[in-house]
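The primary structure of each chain is shown beneath.
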Amino acid sequence: MSSLHGKVVFITGGARGVGAEVARRLRRKGAKLVLTDLDAAPLDDLATELGGDAHVLTVLADVRDLAAMQSAADAAVAHFGGIDIVLANAGIASFGSVLAVDPEAFRRVIDINIMGVFNTVRATLPSIIERRGYVLVVSSLAAFTSAPGLAAYHTSKAGAEYFANTLRLEVAHHGVDVGSAHMSWIDTPLVQDAKADLSAFREMLSKLMPPLNRTTTVEACGAAFVKGIEGRKKRIYCPRWVGAFRWIRPLVSTPLAERDIRTFTPELLPRLDAEAAALGRSVSARIEALEKP
């Protein structure tokens, strides 16, 4: 029997992508799930697929709203008796240079990817401490590297990593473990939408040096997450080579390492800005739709 059998796992951004894939894998191991998202239809479909109310509680909640996350955590405790594991997974990206990106889109990325992590952890942490549980914060390879046009995303994911590092020190004496997850490009709606919207983004990916230009499957990422959750790992990397960038981080920002990016940025970044301006948005259409009342 898996060590996850009967454990209650609270997942933000649980309707699609990595969140949904992890939920499916955890359910197969006997876990009970609390899934939050703003996207009601796929959230409901996933709950039905995974067995309904006996095994899955769904809550429509915005991670930017601490009261909403507290309500979701309270509902989880009332429904299942407590929370053993938290996966702070909800995240978005904006596209455009610092001079061109919509300031509200930039703020939205920071609010969701950093404040959303804080709100998720703040709301669930009392139950996690009570159960000597595990917190997994989704960061990214973007915490170790940089790419033009993605300042908000890189800033937020570096912040998420250091939030996890600090939280780990604060709760270790309670028997709580904290991990951060770092992935390269994953074939999620976030990356799919960017590729569909922006030819300059597709070209930028193609020009990055291997293996930075490769996309990993959602299934591979889900498997790595579940393995890390089972082992209460301090860091999870997907693919495994991402871990090397944590150790060579100081070298990644040297002129030699940045040579190729500096070469193509003068041509590609204005194109990316122009394409985003033509779309009239700095985030995907799906994210824009979710923001509408």
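Up top is the structure.
Residues numbered from 1 in each chain as written. Predicted model: local features only at pLDDT ≥ 70, side-chain atom pairs only at ≥ 80, totals over all residues. Heavy atoms only, no water.

A. Expanded view of helix H4 (residues 103-130). In a regular helix each residue adds 1.5 Å, so 28 residues correspond to 40 Å; H4 covers 40 Å between its end C-alpha atoms and thus fits that length. Taking the largest bend as the criterion, H4 deviates by roughly 50°, centred on Thr-124, and proline Pro-126 comes between one and four positions later. Looking one or two residues past H4, Arg-132 carries a phi angle of roughly 50°, positive in sign. (Helix = DSSP H or I, 4+ residues; strand = E, 2+ residues; numbered from the N terminus. Expected span 1.5 Å × (residues − 1). Bend = angle between axes of the 7 residues up to and from the residue.)

B. Broad picture of the packing of helix H7 (residues 199-207) against helix H11 (residues 259-279). Viewed as axis vectors pointing N to C, H7 and H11 meet at an angle of 150°, and their least axial separation amounts to 8 Å. Comparing their axes, H11 and H7 come out roughly antiparallel. Of the two possible hands of crossing, H7 and H11 adopt the one that is left-handed. Between H7, through Ser-199, Ala-200, Phe-201, Glu-203, Met-204 and Lys-207, and H11, the contact on the second element is made entirely by Phe-264, Glu-267, Leu-268, Arg-271, Leu-272 and Glu-275. Tallied by class, the residues present in the contact of H7 with H11 amount to 6 nonpolar, 1 polar and 5 charged. (Axes fitted to C-alpha atoms, helices over the stretch in contact; angles between N-to-C directions. Parallel < 35°, antiparallel > 145°, perpendicular 65-115°, else oblique. Left-handed = near helix turned anticlockwise from the far one by under 90°. Contact = heavy atoms within 4.5 Å. Nonpolar A, V, L, I, M, F, W, Y, C, P; charged D, E, K, R; others polar.)

C. Spatial organisation of the pattern of salt bridges. Applying the stated criterion across every chain, the model contains 17 salt bridges. With a shortest N-O distance of 2.7 Å, Arg-24 and Glu-49 are connected by a salt bridge. With Arg-24 in helix H1 (residues 17-28) and Glu-49 in helix H2 (residues 40-49), this residue pair connects regions lying 25 residues apart in the sequence. The exposure class of Arg-24 is partly exposed, given its relative accessible area of 27%. For Glu-49, a relative accessible area of 49% gives the class partly exposed. We note a salt bridge from Arg-281 to Asp-197, for which the minimum N-O separation is 2.8 Å. Here Arg-281, found in the loop between H11 and helix H12 (285-291), pairs with Asp-197, found in helix H6 (residues 189-197); they are 84 residues apart in sequence, far enough to count as distant. (Salt bridge = Lys/Arg side-chain N within 4 Å of Asp/Glu carboxyl O. Buried < 20%, exposed > 50% of the residue type's maximum accessible area, 1.4 Å probe, protein only.)

D. Molecular detail of H6. When H6 is considered as a whole, its buried residues turn out to be Pro-189, Val-191 and Ala-194. Buried residues along H6 sit in contact with H1, strand S7 (185-186), H7 and H12.

E. Just the sheet that holds strand S4 (residues 85-88), in detail. The parallel open sheet is built from 7 strands, whose spatial order is S3-S2-S1-S4-S5-S6-S9. In this open sheet, the two edge strands, each paired with only one partner strand, are strand S3 (56-60) and strand S9 (235-238). In this sheet, adjacent strand axes meet at a mean angle of 15° when their direction is disregarded. Where strand S6 (residues 177-183) and S9 come together, 4 bridges link them in parallel fashion. Within the sheet, the bridge partner assigned to Met-183 lies in S9 and is Cys-238. Along the sheet face, H4 touches strand S1 (8-12), S4 and strand S5 (134-138) and points at about 180° away from the line of S4. Along the sheet, helix H5 (residues 151-171) makes contact with S5, S6 and S9, crossing S6 at roughly 160°. (Pairing = 2+ DSSP bridges.)

F. Representation of the packing of aromatic side chains in the model. Evaluation of the coordinates by the stated rule reveals 3 aromatic pairs. Ring geometry for Trp-185 and Phe-201: centres 5.4 Å apart, planes at 80°, overall edge-to-face. A residue pair is termed long-range when its members are at least 10 positions apart, and Trp-185 in strand S7 and Phe-201 in helix H7 qualify at 16 residues. This pair shows no difference in class: Trp-185 is buried, exactly as Phe-201 is. (Phe/Tyr/Trp six-rings, centres within 6.5 Å; stacked < 30°, edge-to-face > 60°.)

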